[in-house]
Every structure is written in structure tokens, then in C-alpha cells.
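Summary of the model geometry
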Amino acid sequence: TDNEWYLTGVQLEVGTVATPHEHISYGEQLALCQRYFYEFLDPLVSNEDIAIGSVYNSGQLEVCIQFPVPMRSLPSRTQVSGTDYYVALGNNGSDLFDGFSGTGGGSKNRTMIFTNGDNFSGTQGQARRVRKQNASARLRFDAEL
């Protein structure tokens with residue numbers, strides 16, 4: 001009566017010869033998908049840790065992001081950012097900043113993201129715990145075809 005029809009367990013074939021039905025576990029399918037796209041931050045969580053970063057110079061913080069599986073190719077990065085969306089904690093203080101201004105030094109397994117200026121200041125050589133400050137913050141890595 002609600003005009004909904006659910007179908008599962010169907011495999012479409014090209015041609016006239018059917019192949020055995022393929023069963024892929026959720027974990028395997030997720031890993032296959034993450035080769036093409038990976039959203040690093042959970043959209044439902046505020047104050048989520050990103051990684052430990054290091055202060056390269058007084059205005060630049062560098063953070064290495066490890067992907068859960070190797071990406072298909074070198075990914076491009078997009079982000080959702082805004083005023084004080086991220087925070088770097090360390091040395092008994094915190095520095096709020098708006099977002100990451102660049103990506104570099106990456107591979108299919110990991111990438112380096114950094115902020116340059118963008119309201120960040122720190123002492124060269126210090127380590128910082130980097131996390132999102134706003135639930136709307138997003139970091140996305142895309143290696144689509």
C-alpha cells in the first residue's frame with residue numbers, strides 16, 4: 001500500500017552467460033570504496049582529533065594524514081572550513097585557525113596538509129595536537145577516475 005519495493009541480492013550481467021554470484025564483505029567493499037574517496041572527519045562529532053602536527057615555522061603547522069587504504073592515485077583535497085574551525089593544542093595553550101591552505105609531500109598512502117598564516121602562530125619545532133573545533137569542519141580526499 002505504500003508503493004515501496006525492496007530488492008537485494010541481485011547481480012546484473014552483460015551477455016548471455018551468468019557468472020557465480022559475488023559476495024563481498026562490508027569491510028572489503030568499504031576498502032574498495034576508500035581507494036577513491038575518503039572523508040577524514042566524522043560529520044557528527046565536534047572536537048575530533050585529526051593528528052599530531054609540528055610547527056614548521058611561526059606561521060605554518062604541518063600535519064600528516066594517513067589513509068586507511070592506499071588511494072587509487074594521488075588524491076585532491078577539499079575542505080569545509082570557516083572562522084576558527086580547527087585548533088592546535090600544545091605548550092599549555094591553543095591556536096584556533098580557519099583551515100588548511102595547502103597539501104604537499106603526499107603519496108597514495110598519506111598526505112601532508114598545512115596551514116600557512118591563517119590565524120596560526122607557533123614556535124618552530126613544537127608538536128601540536130590538531131583537531132577540529134567545529135562539527136561542520138570536513139577534510140575530503142578524492143582520487144576518482
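Presented here is an overview of the structure given in this document. (Residues numbered from 1 in each chain as written. Predicted model: local features only at pLDDT ≥ 70, side-chain atom pairs only at ≥ 80, totals over all residues. Heavy atoms only, no water.)

Right, let's get into the nonpolar core. Ile50, Val63, Tyr86, Phe100, Leu139 and Phe141 are the most contacted members of the largest nonpolar core, which totals 23 residues. Elements supplying a minimum of two residues to this core: strand E2 (49-57), strand E3 (60-66), strand E5 (86-90) and strand E10 (138-142). Once residues within four sequence positions are removed from consideration, Leu139 is found in contact with Tyr38, Glu39, Phe40, Leu41, Ile50, Arg77, Thr78, Gln79, Tyr86, Phe100 and Ile113. (Core = buried A, V, L, I, M, F, W, Y, C linked by side-chain atoms within 4.5 Å. Buried < 20%, exposed > 50% of the residue type's maximum accessible area, 1.4 Å probe, protein only. Helix = DSSP H or I, 4+ residues; strand = E, 2+ residues; numbered from the N terminus. Contact = heavy atoms within 4.5 Å.)

Attention shifts here to the environment of Glu62. Take Glu62: it is sitting in strand E3. Taking the C-alpha atoms as reference points, Glu62 and Ile113, separated by 51 residues in sequence, lie 5.9 Å from one another. In this structure the side chain of Glu62 is engaged in a polar contact, spanning 3.1 Å, whose partner is the side chain of Gln60. (Polar contact = N/O pair within 3.5 Å; in protein donor to acceptor, adjacent residues only side chain to side chain.)

Bringing a nonpolar patch on the surface into the picture now. A cluster of nonpolar side chains, namely Trp5, Leu7, Val10 and Leu12, defines an oily patch on the protein surface of about 560 Å² accessible area. Mapped onto the elements of the fold, Trp5 is located in the segment before helix H1 (26-34). Using a relative accessible area of 72% as the deciding quantity, one classes Trp5 as exposed. (Patch = residues over 30% accessible without salt bridge, like charges linked within 9 Å, V, L, I, M, F, W, Y side chains within 5 Å. Areas by Shrake-Rupley, 256 points an atom, 1.4 Å probe, with all protein chains shown as cover. Salt bridge = Lys/Arg side-chain N within 4 Å of Asp/Glu carboxyl O.)

This brings us to the sheet that holds E2. The 7 strands lie next to each other as E6-E5-E9-E2-E3-E8-E7, forming an open sheet whose pairing is antiparallel. The open sheet has two edge strands, strand E6 (93-97) and strand E7 (102-104), and neither has a second partner. Between one strand axis and the next, the sheet turns through 30° on average, direction left out of account. Bridging between E5 and E6 involves 5 bridges; their strand directions are antiparallel. (Pairing = 2+ DSSP bridges. Axes fitted to C-alpha atoms, helices over the stretch in contact; angles between N-to-C directions.)

If you trace the 3 strands from one edge of the open sheet to the other, you get E1-E10-E4, paired in antiparallel fashion. Edge strands, defined here as strands with exactly one partner in the open sheet, are strand E1 (37-39) and strand E4 (76-80). For this sheet the average axis-to-axis angle between neighbouring strands, irrespective of direction, equals 15°. Bridge count between E1 and E10: 3 bridges; the pairing is antiparallel. Within E10, the residue paired with Glu39 across the bridge is Arg140.

By secondary structure assignment, the location of Arg131 is in strand E9 (residues 127-132). For the buried Arg131, no salt bridge is present, and the opposite-charge side chain at shortest range is Asp49, 4.4 Å distant. Sequence-distant contacts of Arg131, defined by excluding residues within four places in its chain, comprise Asn47, Glu48, Asp49, Ile50, Tyr86, Val87 and Leu89. (Lys, Arg positive; Asp, Glu negative; His and termini not counted.)

In this section: the pattern of salt bridges. One pass over the structure, following the stated rule, counts 5 salt bridges. The salt bridge involving Arg138 is made with Glu39; its shortest N-O contact spans 3.1 Å. Here Arg138 is found in strand E10, whereas its partner Glu39 is found in strand E1, with 99 residues between them in sequence. Accessibility expressed as a relative area gives 14% for Arg138, which makes it buried. Looking at Glu39, the relative accessible area reads 28%, which means it is partly exposed. In this structure, Glu39 and Arg140 form a salt bridge, with 3.6 Å as the shortest nitrogen-oxygen distance.

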